[in-house]
Structures are given as structure tokens and as C-alpha cells.
Amino acid sequence: MLNWKTKEKVIKNTLLFFAFSSILFLAGIIVVLFNEGAPIFAKVGIFKFMFTGDWYPTYDPAGFGIYNLLAASIVVTIGAMVFAVPFGVASAVYISYILPKRFKNIVKPTIEMLAGVPSVIYGLFGMKILSPYIKELFGLPTGLNALTAMIMLGIMALPTIVSLSEDAITAVPKSFRDASLALGGTRLETMVRVILPTASSGIVTAIILGMGRAIGETMTVLMVAGGASLFPSNILKPVRPMTATIAAEMGEAPVGSDHYQALFGIAIILFIITLIFNIFADMAQQRFKKKVSGE
Amino acid sequence: MSKINSFAVVMALLLVAVMSLGVMAEDSLVIQGSSTVLPIAQKAAEVYMEKNPGVNISVRGGGSGNGIAALIDGAVDIADSSRFIKEKEVNAAVKNGIFPVPHRIAMDGIAVVINPANSVEELSLEDLKNIYTGKVTNWKEFGGKDMEIVVVSRDSSSGTFEVFNDIALGGERLFQGALLQASNGAVAGVVADTEGAIGYVGLGYLSESLKAVKVNGVAPSNATVASGEFPIARPLFMFTDGWPEGLTAKFINFVLSKDGQKLVKDQGFVPLY
């Protein structure tokens, strides 16, 4: 039999392999994305690819400008945050400071369950319930538009924002609160002037990760955003975010064609945006840790 | 007990695999081409192989152009195509000693649909072009209500879009405000839910919740598509090298047989008879 030293080594190396496998997968994804998508940047020119608006990938001559799609993704994500941030942060404050503990243990897991609902169900809800209502409310020709997508993505980003903001607020040391109250601050003053500023970078992390969720969401926007490659100048008009474009067109784009490469090109842009989000979220997180550890 | 069982299962599977390997590759056929024809070729191949064990048919997509190019290179036995062969391709084939023969296997028709609440009954190809390029944006131009037209289209990489774009738009660029949907079902859903919508779907997707308009005065049906009266239609082809013989001939005959044409219909296309 193996002696304990060899056994130890085998176990150690096996664990090492598993530990690094995620990094391996990530590296694999990056290699594939750039391998398949980068040629289009050379063919079209990266500036023309990102900042012109005619997306006509199957025509002759073809148009590979993703500006409208990129703008749609950004506008819809910002709109989603306009809905999700006030609701999310207010819920987080309420749950962490006002709600009695025994209810908190019910409410928080319930909100987190929202994150587990499959996105196609959000899509169905948006398509069949919300969009007719929006259509009626504004007297529009169709309820499948940017606003409906914003609301749905806002709801989908809520659990991330609530849960992480609540963690951040709860992580503010009790001594901060006690000090503020001892100095004669009211509960509101304590919350607004002491707790929230301390938790702010943690809340920023929550918001950025919520944005990452919103910009990467595919099924819901494919179903509710309408799918018109218009510039999103009016949120009551249909739009077509980048993710929806990839999902709708990849199935029938001939492998290796310009269209195929352009879809991978969109994926590269999307990947870089979410990467930037994650870097910022991580930076804010580091700041927050320093703050609450009292440095 | 369970160990013995699973061992027996594995052995049995191995045995079957080895046996089928022996039978396989006796008689094989390679088909490549149009993604529109793919579901027909795929289904026909499955059924044919089920009926004739020992025959191996491999079917690939990749587009009409790729299929015909493969036929010219002698790499495939049958090329699926949603269009007729181009003169350039015929010349290239003859130079290689290949003589492409077209076999019309089905018709592909596309119905233009609107919401049942819309009173418009008929549109011309010219009207469709004006709607889909964004030149006309209100139903009152066509005798309907004063209501904005919600243009619904398939995403531009689909075969359905390709036909519609060729025939109705004459290759002109689609209006960017069109709602692009990823499937026939999604188009049908949006049109059924939206009063001002217009869309187009394969004939198989027509239902009570959609109203098919007459195009150039002809209502879409299997009969009008098969006869060529309905304007938004095209034949689908399988090309072979020379007049088919052997397995190739048997397979083409199967596709053209009553059973084969039933498969064509099941896949949402229009049978020849």
C-alpha cells in the first residue's frame, strides 16, 4: 500500500487540480472567445464595430455595427438599477435595522429565493402579465419594450442587491451605532450619517454585482425587450440588447462566417464589460473591509 | 446481485455495439446543405434507416452554398438546397466531371399574418415591402384602423427570413424598428397578442389566433403554395451527381414517396402532392 506521505501528496495534488479548474475554465473561455471573435475586429475595425448602428449581419454588403445593441444593453441595465436600487437598499435597511430578528430569518431567505427563479419564468411573467399592462397604461402599440425589460431586470437584480446590502449594513460594527446613539444622535441620524456612509462601499459592491446580473441576463430580455435594433432614444420603444442578439442569431449563423465571428465579437465586448464590473465590485469590497475593520 | 446485473447489461451493450459495427458502413450516404431542408433530410434519413437496417445516412447543415460546393468537390452524395443552383456553380461542377441534377422535394411557403382584430384582408407584395422597410407605418394606409403598425420579423439569420427578404423585400434592408423574434412560435405569439402587429410564419404555424392576409389576392394554403399561385413560396431541392443510382436513388424516391411527403408535411413544409 501507499505510505502516508505519497497519499498526502496525491490528495494535495488532486485538490490543487480541482481548485485551479475554475481558472482553467475561465482561461479556456477567454481563449475561445478571442479565437472565434477577434477576426471580426480586424475585418470591420473595432471602432466601426462598436460605434456604428447598422446591424445587418446577413445582407450583402453586411453591416456589423453593434452601437444600438450596446446602447440598448447599457440603457436597460441603468433603467433596471433605477428600479432596483431604491427598493433594494430600502429593503436592506429595513431588514437589518428595523425588522425583529425572528422575522429577518424568514424574510431574507424569501427574498433570496427570488434569485433562484429561472429567468424564463420572469420572461413569461413580463411577456404575458406586465407587457399588456404597460401597453394599456401608456397607450402603446406594443408592450414589449425597454421599460418592460428594465422593470423585469430590476426585479431580477433585487435579491442580489438586497442580500449583499443587508450583509454590508449588518457588518457595520455595533460600536459605531452605539457611539452615535450615545452622542445623542436619533435613530434616523445614526442610520443616514453613520451606518449608510460606513456601509456605502459594500452597498456599491451590491449594486455593481446587480448590474452584472442585469447586463448578462439573456432569456428575459429576449422575451420582453421586443428585439428591434433601434437606438434606445425612447424607453417605450422596443430594443435589442447584446445578449438577446447572440441568443437569437447564433443558432443559424454558419460556423466560421463573418456573422458568427461578429456574434463572438459581441460576446467579447460583453465579457469585458462584466469583467470591469467585477473588478470595480471587488475594489469597493476591499475598501469596505478596511473601513469596518476600523483603519 | 445488482453487480452481476449491471455487468450483464454492459456486456450486452458491448455485444450490440460490436454487432452493429459489423453491419454498419455496408451502405452509406452523405447529405449536406441548406438548414431549411435539414429537418426534412434528417427526419427522412432517420425513418429510412429505421426501415432499412444496415444503411448509414449522415446529414449535415451548413447552408445551401456549402452543400452545393461539397457536391462539386465530390464530397457528398446529395446536396440540400433552398435555391436553384447558380450558373457559376454548374460550370465549376462540369469542370470537375460532376453533373448536378435537381430534384424538387417540397415547397416552402410563408404566410403573412396579422391580429384577428385587424380588419385588413389583403396586401400586395409592394405593400409588404413598404411596411417592412418602414416607409408606411400606419394601418389606415391599407384601409384599417388609425393604428401604428408593429412590424414583427424573424431574426436575420433564419431561413424563413431569407425567403421573405428575397421575395417580399427584394433584398432591401429591413426597417430597424422591426421586432426580431427568434422562432416562428415567438412571431405567432407576438402577433396574437398585439393588435397592430404584422408578422410572417411558416404555413404550419397558422392558427385561430392569427389572421392570414391574402398576398396579391391569393390566400396562403398548401394548395396555392404547391401550385405556385401564392407569391411568397419557393421550391426546395436535393441535388445529385448525375441521375441517381443505388442507395441515392432509393433515398430520393423515398423522400418523394407518399410516406416521405408525409414527413415533409409533418416538418411544416408543403408536400408536392
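Residues numbered from 1 in each chain as written. Chains lettered and ligands numbered in written order. Predicted model: local features only at pLDDT ≥ 70, side-chain atom pairs only at ≥ 80, totals over all residues. Heavy atoms only, no water.

Student: Give a detailed account of the pattern of salt bridges, specifying residues and quantitative values.
Tutor: Counting across every chain of the model gives 20 salt bridges over all chains. Here Glu166 of chain A ties to Lys104 of chain A by a salt bridge, and the two come within 2.8 Å at their closest N and O atoms. On the criterion of sequence distance, the pair formed by Glu166 of chain A in helix H6 (residues 146-171) and Lys104 of chain A in helix H4 (residues 101-114) is long-range, its members being 62 residues apart. With respect to burial, Glu166 of chain A and Lys104 of chain A carry one shared label: buried. Here Glu195 of chain B makes a salt bridge to Lys145 of chain B, at a shortest N to O gap of 2.4 Å. Of this pair, Glu195 of chain B sits in the loop between helix H7 (184-193) and strand S8 (197-202) while Lys145 of chain B sits in the loop between helix H5 (125-132) and strand S6 (150-154); the two residues are 50 residues apart in sequence, bridging distant segments of the chain. With relative accessibility at 28%, the residue Glu195 of chain B sits in the partly exposed group. (Salt bridge = Lys/Arg side-chain N within 4 Å of Asp/Glu carboxyl O. Helix = DSSP H or I, 4+ residues; strand = E, 2+ residues; numbered from the N terminus. Buried < 20%, exposed > 50% of the residue type's maximum accessible area, 1.4 Å probe, protein only.)

Student: So what's going on with the interface of chain B and chain A? Which residues, and what values?
Tutor: Listed by partner, the interface residues are 27 residues for chain B and 28 residues for chain A. Roughly 2100 Å² is buried in total at the junction of chain B and chain A, and carbon and sulfur atoms are behind 47% of that figure. Its largest share of buried area at the contact with chain A, chain B owes to Ser157, Arg173 and Gln176 of chain B, together 33% of the area lost on that side. One can count two salt bridges joining chain B with chain A. The salt bridge involving Asp54 of chain A is made with Arg173 of chain B; its shortest N-O contact spans 3.3 Å. Counting residues per element, the ones that place at least two in the side of chain B that touches chain A are S6, helix H6 (159-167), strand S7 (179-181) and H7 of chain B. By residue class, the composition of the side of chain B that touches chain A is nine nonpolar, eleven polar and seven charged. (Contact = heavy atoms within 4.5 Å. Buried area = accessible area lost by both parts, 1.4 Å probe. Nonpolar A, V, L, I, M, F, W, Y, C, P; charged D, E, K, R; others polar.)

Student: Pulling in residues and values, what's your account of the environment of Ala106 of chain B?
Tutor: Inspection of the secondary structure assignment puts Ala106 of chain B in strand S4 (residues 100-114). Overall, the relative accessible area of 0% leaves Ala106 of chain B in the buried class.

Student: Which residues make up empty space enclosed by the protein, and what are the values?
Tutor: Applying the stated criterion across every chain yields a total of three cavities of 30 Å³ or more. Looking at the largest cavity, its volume works out to about 100 Å³. Around the largest cavity, the lining residues are Trp55, Tyr56, Pro57, Tyr59 and Ser229 of chain A together with Ser156, Phe161, Leu174, Phe175, Gln176, Ala178 and Leu180 of chain B. When its residues are assigned to classes, the lining of the largest cavity shows nine nonpolar, three polar and no charged. (1 Å grid on protein atoms, 1.4 Å probe; cavity = no way out; pocket = protein on both sides within 12 Å on 5 of 7 lines; lining within 4 Å. Points joined across faces, edges and corners; volume = space filled by probe spheres on them.)

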